Amino acid sequence: MNLRPFAFFLLLSACLLSPLYAAEEISTLLFDMRHTTLHQPPICELELPFASKPEQSRAFHDVKKDWGQSADQADRFTFSFSTPNPEAIGSITLYFHSKDGWYAQGASIPQMPVYVKTFFGEHRSHYTVTFHKNRFTTEGKPGTWSNVDTIRFAFWRGKAVDSEVRIHSLAAVRSPETPLVLTDPEKPDAAKWLTGRLEQLGIEHLEVPQDELTWEYVQRYHVVLLPGNPNLPEETAELLTRNLQRGGRVLGFYQIPADLMRAMGFEPGRYLRSPDGDAALASFRMTDAFPSPVETVAQRSWNIITATPLENGKLKPVVGAWWYDAQDRKTEYPALLLSDHGAFFSHILTQDSDEEKDAFLLALLGRYCPEIWQQATDRARKSFDDVGGPKSMTPEQRQARHTRLRDGLAEKGFDSKWTINTKIGAEDKSRYPKLWLTLQELRDKEILLYCESVRPKTPEFRAWWEHAGTGAYPGDWDRTMRELAETGFNAVIPNMLWGGLAHYESDILPRSGVFQKHGDQIAQCVAAGKKHGVEVHVWKVCYNLSTAPGDFVERMKAENRTQVKADGSSVNWLCPSHPNNVKLECDSLCEVVSKYDIDGVHFDYIRYPASDHCYCTGCRERFGKDTGTEISDWPRDVLEGGKAKPEFKQWRCDQITALVARVHNEAKRIKPGIKISAAVFCDYPGSRDWVLQDWPVWIDRGYLDFLCPMSYTDSLTRFESLTETQRNLVKDRIPLYPGIGATATGQRLTPDQVVAQIEIARKLGAGGFVIFNLNAATLQRIPPMTKLGATCPKPQQ
C-alpha cells in the first residue's frame, strides 16, 4: 500500500491548522510539505519535463485554501524548494489568486544553494527565495489580499533537461520594524530610487501608495518613509501625525506638510533656490549628533526646503548634518534634522554617490530601526561570497577568498566567528556599522581582484546602449568616446530618435529640446566616434510616442494612427499596421542612414506594447482585407477563445516583421555596408506571445546583421540559460551580442556581476555584448574596474 499520498494529506492538514510559529517577526507558516528534515522520504514532487516535452514552457502546482488573513497582513513571503537539476529552472513565479485575477511576482533562483543529501542518498540543491509584497504585479482584476484563495508555484523552463522540484514550505512574514515607504503616484521617481537602494542593501521594506494608507495599516509599522511626496493627502498626513503620538516615526524628504513637520519637532522654513546653481549646496556633512559610517556625502542640490529644530525638550530635535558649498564652506542651512519622532532631509536624495548614499541611508534608518544593520551586514556578507559568481570558482579559489575575508576582518578587530555569519550578541550591536563598512571595503577589493583576472581570448564586439542621446557628458561626445576607447569599448548604441522625436536635424520628426540645447547629437557622436575608433549604431525607439510633443501626438490621434487596447482605450503608440506609420518609421531611419556616416541602425521597441494591443478600426479593416477573414464581432472574434485569434496574432507579428524587412531593404540600398540590428525580448517564444515580436523569423530571412537580446537579470544561472537558448535559435547565422542590464529597471549590477555575465557570454560563443545604460555614473563605475582587454581589436563582422 502506498502511504505517501495519505501521509501528505495528514501533514498538510496539520500544518494548515497551525497558524503561527515563534519568531522575532510575526510569521505565519502557510504550509510545510516536508517531514522534520530534508533527509526523509519525499512527500510532494512536481515534474519538470522540459526535455521530454519541449513545447512545455512551465510546470505549476496549486494549493487551494482561504489564505486571506495571512496574505493580507504579510509584507513578504519566504518560499523554499529543492531540485537535483537546478539548470532546468529558468525562473520561478509565485501567484496569489483573488476574485477575478492574480497577484504575481517572478524571481531567479539564488546563485548559491544549500546542498543536502536525501534519505535515498541523492544530492539536491535547496533554495529559499523571498518575495516582497510590494513588488507583485497583477494579472486580470484581482480582489484584495484578504480574498486570496489559491497559491500557485510556477517553475519556468531553463535548460532542456528533465527534472523535478519538491516544494517544502511557504511562510508569510511581517515585521513591525519594516520601513513603510509611501509612494506618490504623480512623482514616483524619488520613491523608485530609494526603494531600489533599500533592495540593494538588503533592507526589508514595503511600498504603499500614499492615498491608500489606513489607520489599521499604519499601526502595523513603526517607521514611515516619505521619499518625496509633494502631493501628500491631508488625511494621510493626519494619520502620520496621529501615529507619532503612539511612538511611530516619520523619515521625510524635501516636502512635508507644516503640521506634520511641527509634530516631528521641526519648524518649516521656506523654499530656497540656490543663487549659484548646484555649487552653493554641493555636499552635506554629519554632526556629532548623527554618527554615520561616512562623514560627508556629495550631493549637488539646486534647491531645498529650509527648516530648523523647534525648542522641544521632549522630542530633543537637533541638526544631524549641514550643507556645504563647492568650496567646502559650511552654509547656514541644515541638511538633516533629527528628533525622537523622526527625521527631515531638506531635499530629495539624488541619484549619485551611491556608496556614500548607502552608508547615509543605513545610518538614518539604523537610528530608528537598529535591526536593519543585521539585514545590511547579512547582505554585505553574501555580496562578498557572490563576487564574480561563486559557482565558477574552484574549491581552492573559494578557500583563498575565505582566508582573505577572515584576515581582512581580523585586521579590523573582528574574530573568526564573523566569517561564518554576521549575527552578534546584544552587547556588540554597536559594532554593526563598522562591520558593514569593513565588509564593503573587502568586497570592493575582491571585485578588483576578480575583474583584473578576466581578459577576452578573442576579439569581440564591446558596446553600451546610451539612452539619453547626449553621451555620458551632455555637450561633450568627445569625452564620452575617449573614455570608452580607453577602457576597451569599440561601439556605442545611442538613442537618437523615437516614434515622434529626434535629437538631430531631422526633416521628418519633431526636433527635441536636446537638439535645441546641444545641437545635432548624431553629427557630434559620429565625429567623436571616428576620432576615437568607436562604432556608432543609431538606436531608434519605434512606435512609442511617450516623448513626442503634445501637438504631434494629438495629430496622430486625429488621423486614427495611434493604438487602441482591447478594452477600447487609446494608447500613445503608433499603430504598426497603418501605412502612414510604416512609412514614417522607415523614412526616419533611412533619413539617418542618408545623412550621417554611421555604422548601423538599431531597432528597439520593435513590437507591440502587449498582447492586448492594437484593436483599432484600421486594424480590423486591414486584417480582414489582408487575410480574407470575416469578422462579425470585433474585437471578441480575435480575443482569447475567438474564432480568429491565431490568425490575428500571426497578422500582428507580420506587421512588425514587415517594418524590419522594409528598413533592411531601403537602408541597404542607400548604404550597402550598413549594419541592421535589434534589441529584442530575451525569451522566445514568449516574445512572440507577449508582444508579437517574432525575431527568429528576421534572422531566417536575413534582415538582421546582429542580435542583442535584452537578457536583463542579476542571476548568472538565468543569464546562462537565456544566452544558451538564444544561441541555439541564432545558430551562428549572425553574431549574437547578449544585452546586460547593469542599470535596467529594478536592478543595479556591480562591476563583477557585469564581468561574470560577459564571461558566460564568451563561454557560450557569443561574439560580444552590450551593456545598459551608459551615463556618467556607469562610465566611471564599470569600465575602469573591468578594462576588458583594452588592446584587443574589434571583430570583423
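Residues numbered from 1 in each chain as written. Predicted model: local features only at pLDDT ≥ 70, side-chain atom pairs only at ≥ 80, totals over all residues. Heavy atoms only, no water.

Caption draft 1: Molecular detail of the overall build of the chain. What the chain contains, in helices and strands, is 23 helices and 31 strands. Within the chain, the proportion of its 797 residues that are buried is 56%. For the chain, the accessible area works out to roughly 33800 Å², and carbon and sulfur atoms hold 50% of it. (Helix = DSSP H or I, 4+ residues; strand = E, 2+ residues; numbered from the N terminus. Buried < 20%, exposed > 50% of the residue type's maximum accessible area, 1.4 Å probe, protein only. Areas by Shrake-Rupley, 256 points an atom, 1.4 Å probe, with all protein chains shown as cover.)

Caption draft 2: Examining the sheet that holds strand 11 (residues 180-183) more closely. Sheet architecture is open: nine strands sit in the order 12-11-13-14-21-20-19-16-17, paired in mixed fashion. Of all the strands in the sheet, the pair left with one neighbour each is strand 12 (206-209) and strand 17 (296-298). Direction aside, the axes of adjacent strands within the sheet are offset by 25° on average. Relative to the sheet, helix 3 (residues 189-201) contacts strand 11, strand 12 and strand 13 (223-226), its axis offset from that of strand 11 by approximately 160°. (Pairing = 2+ DSSP bridges. Axes fitted to C-alpha atoms, helices over the stretch in contact; angles between N-to-C directions. Contact = heavy atoms within 4.5 Å.)

Caption draft 3: Here's a closer look at the pairing of strand 19 (residues 318-324). A large share of strand 19 lies buried, amounting to five of its seven residues. As paired elements, strand 16 (residues 283-286) and strand 19 share four bridges and run antiparallel to each other. Bridge pairing in strand 19 links Met286 to Ala321. As defined by bridge partners, strand 19 adjoins strand 20 (residues 330-339) across five bridges and the pair is classed as antiparallel. If you follow Val319 over to strand 20, its bridge partner there is Leu337. Where strand 19 folds back onto strand 20 in an antiparallel hairpin, the turn is made up of five residues, including Asp328, whose phi is positive at roughly 65°.

Caption draft 4: Structural context of unusual backbone geometry. A cis amide bond links Trp634 with the next residue in sequence, Pro635, at an omega value of 0°. With respect to the element layout, Pro635 can be found in the loop between helix 16 (617-627) and helix 17 (645-670). Cis peptide bonds are those with omega within 30 degrees of zero, and the linkage from Tyr684 to Pro685 qualifies with 15°. Positive phi, close to 55°, is recorded for Lys731, a residue that is not glycine.

Caption draft 5: Inspection of the sheet that holds strand 5 (residues 89-107) at higher detail. In spatial order, the strands read 3-9-5-8; together these four strands make up an open sheet with antiparallel pairing. At either end of the open sheet lies a strand with only one pairing partner, and these are strand 3 (58-64) and strand 8 (137-142). Strand-to-strand twist of the sheet, defined as the mean angle between neighbouring strand axes without regard to direction, takes the value 25°.

Caption draft 6: Quick peek at the packing of helix 8 (residues 372-386) against helix 10 (residues 432-452). Between helix 8 and helix 10, the least distance of the axes is 9 Å, while the angle of their chain directions is 20°. Looking at the two axes, helix 8 sits roughly parallel to helix 10. In the packing of helix 8 onto helix 10, the handedness of the crossing is left-handed. Along the contact surface, helix 8 presents Trp373, Gln374, Ala376, Thr377, Ala380, Arg381, Ser383 and Phe384, while helix 10 presents Tyr432, Pro433, Leu435, Trp436, Leu439, Gln440, Leu442, Arg443 and Glu446. Of the residues belonging to the contact of helix 8 with helix 10, the class tally is ten nonpolar, four polar and three charged. (Parallel < 35°, antiparallel > 145°, perpendicular 65-115°, else oblique. Left-handed = near helix turned anticlockwise from the far one by under 90°. Nonpolar A, V, L, I, M, F, W, Y, C, P; charged D, E, K, R; others polar.)

Caption draft 7: View of helix 16. For helix 16, every residue scored as buried is listed here: Gly618, Cys619, Arg622, Phe623 and Gly624. Phi turns positive, to about 75°, at Gly628, one or two residues after helix 16.

Caption draft 8: Region of the structure containing the packing of helix 16 against helix 17. Interhelical geometry of helix 16 versus helix 17 gives an angle of 100° and a closest axis separation of 11 Å. With respect to helix 17, the element helix 16 is oriented roughly perpendicular. The segment helix 16 lies against helix 17, with Cys619, Arg622, Phe623, Asp626 and Thr627 engaging Glu647, Phe648, Trp651 and Gln655. Looking at the contact of helix 16 with helix 17 residue by residue, the class counts come to four nonpolar, two polar and three charged.

Caption draft 9: Molecular detail of the environment of Phe681. Considering the arrangement of structural elements, one finds Phe681 in strand 28 (residues 675-681). The class for Phe681 is partly exposed, based on a relative accessible area of 23%. Along the sequence, Phe681 and Gln693 sit twelve residues apart, while their C-alpha atoms lie 7.9 Å from each other. Contacts of Phe681, omitting those with residues within four sequence positions, involve Arg607, Ser687, Trp690, Val691, Gln693, Trp695 and Met710.

Caption draft 10: Region of the structure containing helix 9 (residues 395-411). Its 17 residues give helix 9 an end-to-end C-alpha distance of 24 Å, which sits within 8% of 24 Å, the value for a rise of 1.5 Å per residue. Every buried residue belonging to helix 9 is among Arg401, Leu405, Gly408 and Leu409, and all of these are buried. For helix 9, the arc enclosing every buried residue in end-on projection is 95°, short of the 170-degree limit, so these residues lie on one face. Those residues of helix 9 that are exposed and aimed more than 90 degrees away from the buried face are Pro395, Glu396 and Glu411. Packing partners of the buried residues in helix 9 comprise helix 8 and helix 10. Following helix 9 by one or two positions, Gly413 has its phi on the positive side, about 90°. (Expected span 1.5 Å × (residues − 1). Arc of directions from axis to C-beta.)

Caption draft 11: Examining the packing of aromatic side chains more closely. With the rule as written, the count across this model stands at 38 aromatic pairs. A ring pair is formed by Phe81 and Phe155, whose centres lie 5.3 Å apart and whose planes are at 75°; its orientation type is edge-to-face. With Phe81 in strand 4 (residues 76-83) and Phe155 in strand 9 (residues 148-157), the pair connects residues that are 74 residues apart, well separated along the chain. Between the aromatic rings of Phe648 and Trp651, the centroid separation amounts to 5.8 Å while the plane-to-plane angle is 20°, which identifies the pairing as stacked. Of the two residues, Phe648 and Trp651 are both situated in helix 17; the distance of three residues between them amounts to about one turn of the helix. Across the ring face of Trp322, the terminal group of Lys330 is positioned such that the distance to the ring centre comes to 4.5 Å. (Phe/Tyr/Trp six-rings, centres within 6.5 Å; stacked < 30°, edge-to-face > 60°. Lys NZ or Arg CZ within 6 Å of the ring centre and 35° of its normal.)

Caption draft 12: Inspection of the confidence of the model for the chain at higher detail. Overall, the prediction assigns the chain a mean pLDDT of 87, with 89% of residues at 70 or greater. Scored below 50 in pLDDT, residues 1-26 makes 37 contacts in the model with residues more than four places away or belonging to other chains. A low-confidence stretch, residues 33-43 stays under pLDDT 50, and its non-local contacts, those more than four residues away or across chains, total 31 contacts. (pLDDT = per-residue confidence, 0-100.)

Caption draft 13: Spatial organisation of the pairing of strand 18 (residues 303-309). Within strand 18, five of the seven residues are buried, leaving the element largely enclosed by the surrounding structure. Of the strand pairs in this sheet, strand 15 (residues 266-273) and strand 18 are connected by six bridges, and their pairing is antiparallel. Across the sheet, residue Tyr271 finds its bridge partner in strand 18, namely Ile305.

Caption draft 14: Structural detail: the environment of Phe345. If you trace the backbone, Phe345 turns up in strand 21 (residues 342-345). For Phe345, the contacting residues outside a window of four places in its chain are Gly252, Phe253, Tyr254, Phe284, Gln299, Trp323, Ala335, Leu336 and Phe360.

Caption draft 15: Just the pattern of salt bridges, in detail. All told, the structure shown has 51 salt bridges when counted by the stated rule. Of the charged contacts, one joins Lys763 and Glu720 as a salt bridge, the two residues approaching to 2.8 Å between their closest N and O atoms. Residue Lys763 is found in helix 21 (residues 751-763), and its partner Glu720 is found in helix 20 (residues 716-730); the two are separated by 43 residues along the sequence. Take Lys763: its relative accessible area is 57%, and that puts it in the exposed class. The class of Glu720 is buried, set by a relative accessible area of 18%. (Salt bridge = Lys/Arg side-chain N within 4 Å of Asp/Glu carboxyl O.)

Caption draft 16: Structural context of the state of the cysteines. Taken as a whole and assessed by the stated rule, the structure comprises zero disulfides. In this structure Cys586 is not part of a disulfide, and its nearest cysteine sulfur, from Cys590, lies 4.0 Å away. Taking the relative accessible area as the measure of exposure, Cys586 reaches 2% and is therefore buried. (Disulfide = S-S within 2.5 Å.)

Caption draft 17: A look at the side chain of Thr750. Mapped onto the secondary structure, Thr750 falls in the loop between strand 30 (739-741) and helix 21. A polar contact of 2.5 Å, which involves the side chain of Thr750, links it to the side chain of Asp752. With residues near it in sequence (within four places) discarded, Thr750 still touches Arg443, Ile447 and Arg781. (Polar contact = N/O pair within 3.5 Å; in protein donor to acceptor, adjacent residues only side chain to side chain.)

Caption draft 18: Structural context of the side chain of Ser283. By the secondary structure assignment, Ser283 is in strand 16. Ser283 gets classed as buried once you look at its relative accessible area, which sits at 9%.

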